[in-house]
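An overview of the molecular structure
In case you want the letters, here they are:
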Amino acid sequence: MLPAMLYRRIPASAPAALIFAATLMSACGSGGPVAVADAGFDAPAEQRLIALTDLDQRVARVGWRLSAANAALCPTVRNSAGWLLHAASQYSPELRPHAVARFGLDGDLPGLLAVPEGSAAARAGLRRGDLLLGVNGEALARGPGRRAAAYEGVEANIRRLDLALAAGPVRIAFRRDGNDLSATVNPERACGYEVQLDPSDELNARANGERLFITTAMAGFAASDDDLALVLGHELAHHVLGHRDWHEAEARGRQTQTVPALAGSPGGAERQADRVGLYLAARAGYDTAIAPAFWRRFGAYNWRVRYPQWGHPSAEARARALEAVQAEISALQASGRPLLP
Ligand SMILES: [Zn+2]
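The structure reproduced in this document is the subject of the present report.

Once their charged atoms are close, side chains differing in charge can pair, the charge on each being opposite to the other. Counted under the stated rule, the structure contains 19 salt bridges. Across the pair E188 and R123 runs a salt bridge, and its minimum N-O distance is 3.6 Å. Here E188, found in strand β8 (residues 188-191), pairs with R123, found in helix α5 (residues 120-123); they are 65 residues apart in sequence, far enough to count as distant. Taking the relative accessible area as the measure of exposure, E188 reaches 19% and is therefore buried. For R123, a relative accessible area of 52% translates into the label exposed. Among the salt bridges present, the one from R320 reaches E316, with a minimum N-O distance of 3.4 Å. Here R320 and its partner E316 are both found in helix α12 (residues 315-335), four residues apart, which amounts to about one turn of the helix. Taking the relative accessible area as the measure of exposure, R320 reaches 48% and is therefore partly exposed. Residue class for E316 comes out partly exposed when judged on its relative accessible area of 32%. Overlapping salt bridges bring together R296, E316, R320 and E323 as one network.

Let us now look at the state of the cysteines. By the definition in use, this model includes one disulfide. Here C74 engages in a disulfide with C191; their sulfurs sit 2.1 Å apart. In this structure the cystine formed by C74 and C191 twists about its S-S bond by roughly 85°; its chirality is therefore right-handed. Taken together, the residues span a long stretch of sequence, with C74 in the loop between α3 (45-69) and β1 (77-80) and C191 in strand β8 at a distance of 117 residues. By the burial criterion, C74 is buried, and C191 matches it.

The subject of this paragraph is the packing of α3 against helix α8 (residues 225-240). In a packed pair of helices, the relevant descriptors are the angle between the two axes and the axis-to-axis distance. Running from N to C, α3 and α8 cross one another at 55°; their axes reach a closest spacing of 10 Å. With respect to each other, α3 and α8 are oriented oblique. Here α3 runs over α8; the crossing is right-handed. Residue-level inspection shows R58, V59, R61, V62, G63 and L66 of α3 in contact with α8, the latter providing D225, L228, A229, L232, G233 and L236.

Conventions we followed
Residues numbered from 1 in each chain as written. Predicted model: local features only at pLDDT ≥ 70, side-chain atom pairs only at ≥ 80, totals over all residues. Heavy atoms only, no water. Salt bridge = Lys/Arg side-chain N within 4 Å of Asp/Glu carboxyl O. Helix = DSSP H or I, 4+ residues; strand = E, 2+ residues; numbered from the N terminus. Buried < 20%, exposed > 50% of the residue type's maximum accessible area, 1.4 Å probe, protein only. Disulfide = S-S within 2.5 Å. Axes fitted to C-alpha atoms, helices over the stretch in contact; angles between N-to-C directions. Parallel < 35°, antiparallel > 145°, perpendicular 65-115°, else oblique. Left-handed = near helix turned anticlockwise from the far one by under 90°. Contact = heavy atoms within 4.5 Å.

In structure tokens, the structure reads:
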């Protein structure tokens, strides 16, 4: 469901300066670039691949769980298998041999990088490392031999899978340990937003109406899945709350180098997203009691969020507000009432 790697591979093999230029300054996480000891873009190729694919798997797992648990609240939903797919051809020549050796990839054929527990793909018996060969009796395209990183082939395969899933259960042909097998995937409804992991040292996450974005530095800082659910839940809440228009206005404001004119409203939007995001994380079964401590830790680590900026309340104000929301959630959980924000 979340081919984050598709989008991530482009900047991953691009110079770091490009990555910074492509990242927005003032999304929901924090603000400007902060030096973070992270997996490092100058690490040897294989270690870089392992670090990034590990983060991809975590983000996919948490993103899927949030999306599946909150389908009833999302304005856009779709049929999801829950898997995260990648292909050899999307990797740079430097990373590709490691990706092929480690994940058994071949050309444009989509391989399963993450299969979240409880997802439709997992229930169908699919596992990480399986290579998808066909859908509903038709072969997926392996594509031509490619040198440079290319996305169009695997994207076309993923589109075919998504179209088939949209119509209902699909018969999947796949290869595991050299054996050709098949399985039926019964998709489930999930929020219709992909999560994209952006390689960047900037501590940031954002939403744009179509996707949720989180940087590698932010995903790395969110040490547990509960932390990650808090961050991604906040971004998903912007979608649930229909804040897309505000984000577009904010982006326009940035382009013209002015502070967004909606000064009164973004802070309100951020507080709303914090509140609803905590509910979304709780509904997905995550421990949301960690939220106030997370924000205090984040404020101690990153001076940029210690004070109100770009319409965002300070980290301490957000921590205090979330204590109150957590009290509501705990009361609802204790009484067995539905967790509706
Ligand atoms: Zn936000």
